[in-house]
Amino acid sequence: MSDNDGKKTLGVRGGGPRSGNVKQSFSHGRTKNVEVVTKRKRVVVPKAGSGKSGGNPALGDPNKRPKGITDAEMERRLKAVAAAKAREAEDTERRAREEKEREEERQRRRDEAEQKEREQREAEEKAKAKADEEERKRREEAEAAKRAAVAAAQAPAEPGDDSARAAKTRAKPAMPVRDERANTTDRDDRGGRNKGRDDGRRSGKLTLNQALSGGEGGRQKSLAAMKRKQERARQKAMGGAVNREKVVRDVQLPETIVVSELANRMAERVADVVKALMQNGMMVTQNQTIDADTAELIIEEFGHKVQRVSDADVEDVIKAEEDKPEDLKGRPPVITIMGHVDHGKTSLLDAIRDAKVVAGEAGGITQHIGAYQVTTESGAVLSFLDTPGHAAFTSMRSRGAQVTDIVVLVVAADDSVMPQTIEAINHAKAAGVPMIVAINKCDKPAADPDKVRAELLQHEVIVEKMSGEVQDVEVSALTGKGLDELLEAIALQSEILELKANPDRAAQGAVIEAQLDVGRGPVATVLVQTGTLRQGDIFVVGEQYGKVRALVNDKGERVKEAGPSVPVEVLGLNGTPEAGDVLNVVATEAQAREIAEYRHNVSKEKRGLVGAGTTLEQLMAKAKADENVSELPVIVKADVQGSAEAIVQALEKVGNDEVRVRVIHYGVGAITETDVGLAEASGCPVIGFNVRANAPARNSANQKGVELRYYSVIYDLVDDVKAAASGLLSNEIRENFIGYANIKEVFRVSNVGKVAGCLVTEGVARRSAGVRLLRDNVVIHEGTLKTLKRFKDEVSEVQSGQECGMAFENYDDVRPGDVIEIFEREEVERKL
């Protein structure tokens, strides 16, 4: 059958265009005539002799080339084709060579595997042959013993014919003994075969679980079970079980232990341990916990040795090790910049680093602790810590002083010694580190460095210019004056200290700052103090642990390792640590997890014990004391751990005996739906410091009516919270005395009562004011006026020196000579 099934094929008559009609058929009997026009493709035939003569024969016939291709272009194309063919040949050769190398490697591995398998098979055959030889010898000995026993039993008891007895012994007993031995051997073999067949065969019906798993009950026998089975079979074949010698074990005993765990550590059966406990009067099960003293009695009863351990022993792996003097090498000094707020600490560090950190800070003040590393022109490496100067960041300054080698105290020459300057001096003295005074802003007209030196004497800081030991340098962060002298002073002080550390040990460092980054997760800024922190190290820091996923230096570059005195950002934690925690590198992740869990449990127990020992009387007294105290609850979320701590400490200081601020929760990271839900339940606002709420949290806050407040400067945050707390204070009522009046005479008026005729001696008497009636300078009555008349007219006020009539509201006991004190009350808004 042809392709066209006998139908006439479509074709073109002649060489030109052809028109025709095609009839199209559609459903429901509809048709349509379509005109079809077919055109032939135009072929351009080049004229004879149009090609260039005398061309390169290698380029081919010019007449057969595509139009517009010159000889140069054709030559380039041919070269490209030749180069492609050469590359293809090289690739083919390279692939063949690599395939050959892979085949040789596979063959080598196969040979090694076969050799190993052959050696293992030979070892197994030798062991099997040795075992068969031992079995054969044992059977021969057993048969010889049986023959001797049978011969002794068949010997006649009477002393008869010795020769006949000897002949009977030599001839007859041989056959029965051999037959009995053969029958016994056959029985043993049959029994062994039957037993082996019974062990190997499946008993009962085949279940789906057995068919799928290949074992009985869906559970395969372990390797230890198979070894025990082989050992029992070997012992049975060798003539019975061998009594093993008691193994005395050192049992580690914590403060409390579960019965099953105790049995496991002693390698005893749980039933035996439970039985021993019941014999001692303790009815317990294997899942119950017993104390260490009881467990010690059980361990000694089973003949093992007790080794008491504590939960705190998990931290023994990170105990400090003394470094050998030959292992110590020089390290860069760690310098902390401290001083009062707005004295130019960060600007001075920027001038040293040739950076512009100040430009990116909110409010122009430092609110985080920063770590940087600087290389001077002489090649010396210095590690700097920049601390905030605001009063709220006391804990940050304390952390900076604890991990530093040298403190640079920055004092503004035009502002002199301020409160945070004094605090920085105290931190440096408490840490026992040397101090260098940098008198900044010396380029200002109002600068007075001598005044700064004189005021430092009040705080026992005697500079070299005052015949003391503390170095002082006059600097200007704006003009760069004195920066070289400051770096020389730091280098001199570090040479005197002879700072050394061992870089070839497990790293140990201090967390300077910690934050929860949206893209990178928990990030900790760590200053390595000793050892070298490498990528991939497993570490524990406070209640958190992790594996170093990446190390980022102060310039934002990724590094593979960080030695002593090098500040780096560490990624790879499972949670945000507390600022000030110590980082220790451990050997395994299990150790790190165990130490972190132990520290977390200890911290949880301490938090649970706070207030647990209070009595009912103490609770009642506290409730009574707090009855008249108003609280302003808040939730605080900050960008870094140190800022969160500083804000909480600042807010706890806001308040008095009538009102106080209570921080319900604080943390690090963006504001989440959980924070909004807690704020709704507590009826409090959520404060975000340099963080924002994510989209679900914003939607939830709008629906629930929770107020979200964002701040970037700690001044504004504390001031707003203080103003909100001030709104909870009751207004103060003040009395302003506006006048006095003497009662000259008392008149009785109908429908009014007694009316006092008065003379205003001082100030003014107002109808709306409050009055007190004084008799012999003793307050008799306090109230308001019912009427105030001047002659017959009711007036609102009467001036000094004028007479008037006054009547008290609901009081008539007035006498001549009494004094009326007139006053007004006003409410004054109180502030914290």
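Since the model is a prediction, treat every value here as computed from it, not as a measurement. Once a new chain begins, its residue numbering starts again from 1 and follows that chain's sequence as written. With pLDDT at 70 or above as the cut-off, local features in this predicted model cover only qualifying residues; side-chain atom pairs require 80 or more to be listed or tallied, and sums for whole chains, interfaces and linings still use all residues. Heavy atoms throughout the structure, all of them, feed into the side-chain values; hydrogens and water do not.

J.: Help me get a handle on the overall build of the chain, residues and values and all.
T.: Under the DSSP-based scheme used, a helix requires at least four consecutive residues in state H or I and a strand at least two consecutive residues in state E, with every element numbered from the N terminus. In terms of helices and strands, the chain carries 19 helices and 35 strands. For each residue, the accessible area found with a 1.4 Å probe, counting protein chains only, is set against the maximum for its type, and the residue is called buried under 20%, exposed over 50%, and partly exposed in between. In the chain, which comprises 832 residues, the proportion classed as buried is 34%. By definition in these notes, contact holds between two residues if any of their heavy atoms fall within 4.5 Å. Across the chain, contacts joining residues at least 24 apart in sequence account for 67% of those joining residues at least 6 apart. Using a 1.4 Å probe, accessible areas were evaluated by the Shrake-Rupley method; residue-level cover was limited to the displayed protein chains. If you sum the accessible surface of the chain, you get close to 52,200 Å²; carbon and sulfur atoms cover 49% of it.

J.: Tell me about the pairing of strand 15 (residues 508-517), residues and numbers included.
T.: Here, a strand pair is defined by DSSP locating no fewer than two bridges between the strands. Bridge count for strand 15 against strand 16 (residues 521-530) is 9 bridges, and the pairing is antiparallel. Across the sheet, residue Leu516 finds its bridge partner in strand 16, namely Pro522. Connecting the antiparallel pair strand 15 and strand 16 is a turn made up of 3 residues. For strand 15 and strand 23 (residues 582-586), the ladder comprises 3 bridges, and the chain directions are antiparallel. By the bridge assignment, Gln508 is partnered in strand 23 with Asn584.

J.: Help me get a handle on the confidence of the model for the chain, residues and values and all.
T.: For the chain, per-residue confidence averages 80 on the pLDDT scale, and 80% of positions sit at 70 or higher. Known as pLDDT, the predictor's per-residue confidence is scaled from 0 to 100. Helix 2 (residues 162-171) is the least confidently modelled element of the chain, averaging 43 in pLDDT, while strand 18 (residues 538-541) averages 93, the highest of any element. Here residues 47-54 is a poorly scored stretch, pLDDT under 50, and it has 3 contacts once near neighbours within four places are set aside; other chains count.

J.: How would you sum up the environment of Pro445? Please name residues and give values.
T.: Within the fold, Pro445 resides in the loop between strand 12 (435-440) and helix 12 (449-456). Residues Pro445 and Ala413, 32 residues apart in the sequence, show an inter-C-alpha distance of 9.8 Å.

J.: Describe helix 9 (residues 345-353), and please don't skip the residues or the numbers.
T.: Restricting attention to buried positions, one finds in helix 9 the residues Lys345, Thr346, Leu348, Leu349, Asp350 and Ile352. Next to the buried residues of helix 9 lie strand 8 (334-339), strand 9 (370-375), strand 10 (381-386), strand 11 (406-412), strand 12 and helix 13 (483-497). Within two residues after helix 9, Asp354 carries a phi angle of roughly 60°, on the positive side.

J.: Describe in detail the pairing of strand 13 (residues 471-474), supporting the description with residues and values.
T.: Examined bridge by bridge, strand 12 and strand 13 share 4 bridges and lie parallel to one another. Each bridged residue has a counterpart across the sheet, and for Val437 the counterpart in strand 13 is Asp472.

J.: Describe the pattern of salt bridges, with residues and values.
T.: Definition used for salt bridges: Asp or Glu carboxyl oxygen within 4 Å of a side-chain nitrogen of Lys or Arg. The full count for this structure, using the stated rule, is 52 salt bridges. Of the charged contacts in the structure, one is a salt bridge between Arg331 and Asp405, with a shortest N-O distance of 2.9 Å. Of the two residues, Arg331 sits in the loop between strand 7 (329-330) and strand 8 while Asp405 sits in the loop between helix 10 (394-402) and strand 11, which places them 74 residues apart along the sequence. A relative accessible area of 12% means that Asp405 is categorised as buried. Arg825 is paired through a salt bridge with Glu735; the nearest N and O atoms lie 3.6 Å apart. Of this pair, Arg825 sits in strand 35 (residues 819-828) while Glu735 is found in strand 28 (residues 732-749), placing the two residues 90 residues apart along the sequence.

J.: Explain helix 7 (residues 270-279) to me, and be specific about the residues and the numbers.
T.: Every buried residue belonging to helix 7 is among Val273, Val274, Ala276 and Leu277, and all of these are buried. Taken end-on, helix 7 shows its buried residues confined to a sector of 160°, consistent with a single buried face. Opposite the buried face of helix 7, at more than 90 degrees from it, the exposed residues are Lys275 and Gln279. Buried residues belonging to helix 7 abut helix 6 (259-266), strand 5 (289-291) and helix 8 (292-301). Within two residues after helix 7, Gly281 carries a phi angle of roughly 90°, on the positive side. Our arc is simply the arc of the directions from the helix axis toward the C-beta atoms.

J.: Any chance you could break down the packing of aromatic side chains for me, citing the residues and the numbers?
T.: The aromatic pairing rule takes the rings of Phe, Tyr and Trp, using the six-membered ring of Trp, and pairs them if the centres are within 6.5 Å, calling planes under 30 degrees apart stacked, those over 60 edge-to-face and the rest tilted. Following the criterion strictly, the structure yields 2 aromatic pairs and no others. Both rings, one in Phe737 and one in Phe823, keep their centres 6.5 Å apart while their planes meet at 65°; by these two values the pair is edge-to-face. With Phe737 in strand 28 and Phe823 in strand 35, this residue pair connects regions lying 86 residues apart in the sequence. The buried category is assigned to Phe823, whose relative accessible area is 1%. For the pair Phe808 and Tyr811, a centre-to-centre distance of 6.4 Å together with 85° between the ring planes defines the contact as edge-to-face. Looking at Phe808, the relative accessible area reads 2%, which means it is buried. Charge over a ring is defined by NZ of Lys or CZ of Arg lying within 6 Å of the ring centre and within 35 degrees of the ring normal. We note Arg692 situated over the ring of Tyr710; from NZ or CZ to the ring centre the distance is 4.5 Å. One cation-aromatic arrangement involves Arg772 over Phe823; the distance from NZ or CZ to the ring centre is 4.1 Å.

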